[in-house]
Amino acid sequence: FVLPILKEKGWEKGPDGIAALSILLLQDLAVAPLLVILPLLADLDKGGGSSMDANSLTLLVAKATVGFGGVLAVASQVLRRIFQVVASYGSSQTFVAASLLVA
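Conventions used here
Residues numbered from 1 in each chain as written. Predicted model: local features only at pLDDT ≥ 70, side-chain atom pairs only at ≥ 80, totals over all residues. Heavy atoms only, no water. Helix = DSSP H or I, 4+ residues; strand = E, 2+ residues; numbered from the N terminus. Phe/Tyr/Trp six-rings, centres within 6.5 Å; stacked < 30°, edge-to-face > 60°. Buried < 20%, exposed > 50% of the residue type's maximum accessible area, 1.4 Å probe, protein only. Patch = residues over 30% accessible without salt bridge, like charges linked within 9 Å, V, L, I, M, F, W, Y side chains within 5 Å. Areas by Shrake-Rupley, 256 points an atom, 1.4 Å probe, with all protein chains shown as cover. Salt bridge = Lys/Arg side-chain N within 4 Å of Asp/Glu carboxyl O. Expected span 1.5 Å × (residues − 1). Axes fitted to C-alpha atoms, helices over the stretch in contact; angles between N-to-C directions. Parallel < 35°, antiparallel > 145°, perpendicular 65-115°, else oblique. Left-handed = near helix turned anticlockwise from the far one by under 90°. Contact = heavy atoms within 4.5 Å. Nonpolar A, V, L, I, M, F, W, Y, C, P; charged D, E, K, R; others polar.

### Quick notes on the overall build of the protein chain
Counting secondary structure elements, the protein chain contains four helices and zero strands. Beginning at the N terminus, the succession of helices and strands in the protein chain can be written as α-α-α-α.

### Things to note about the packing of aromatic side chains
Inspection of the entire model under this criterion finds one aromatic pair. For the pair Phe83 and Phe95, a centre-to-centre distance of 5.2 Å together with 45 degrees between the ring planes defines the contact as tilted. You can see Phe83 sitting in helix 3 (residues 54–89) and its partner Phe95 sitting in helix 4 (residues 92–102), a full twelve residues away along the chain. Phe95 gets classed as partly exposed once you look at its relative accessible area, which sits at 36%.

### Here's the deal with a nonpolar patch on the surface
A contiguous nonpolar patch, built from Phe1, Val2 and Leu24 and spanning about 340 Å² of accessible area, is present on the exposed surface. With respect to the helices, strands and loops of the structure, Leu24 is situated in helix 2 (residues 15–45).

### Quick word on helix 3
An ideal rise of 1.5 Å per residue puts 52 Å on 36 residues; helix 3 measures up with 52 Å between its terminal C-alpha atoms. Those residues of helix 3 that sit buried are Ala64, Phe83 and Val86.

### As for the packing of helix 3 against helix 4
Where helix 3 contacts helix 4, the axes come no closer than 9 Å and their chain directions differ by 155 degrees. Viewed along their axes, helix 3 and helix 4 adopt a mutual orientation that is roughly antiparallel. Crossing handedness for the pair helix 3 and helix 4: right-handed. Across the interface between the two elements, Leu79, Phe83 and Val86 from helix 3 touch Thr94, Phe95, Ala98, Ser99 and Val102 from helix 4. For the contact of helix 3 with helix 4, the per-class residue count stands at six nonpolar, two polar and no charged.

### Topic: the environment of Ala98
Within the secondary structure layout, Ala98 lies in helix 4. Taking relative accessible area as the criterion, Ala98 reaches 12% and is therefore assigned buried. It is 7.5 Å that separates the C-alpha atoms of Ala98 and Val86, two residues lying twelve residues apart in sequence. What Ala98 contacts, discounting residues up to four positions off in sequence, is Phe83 and Val86.

Rendered as structure tokens:
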């Protein structure tokens, strides 16, 4: 919803528009660690704080790190090729459609 408004006002290339988009992207990225921590918080809420020992927490962090790293590695390679093909068409509508499809 923000990008059309920024473009309509001509702010997408200005420092304010770049800052606004950067903050929104950072907020989106901040959700991922919260989703990892959520099972830990749910376990503590049930009174099972002792069941989450150091080994379980280490395993949870390791799984999350490998999972996010794997997604980032694969997505960077695959999406780079997809967006190169889309950009070769030179249509901004096609690029927006591909971006929405990925999101």
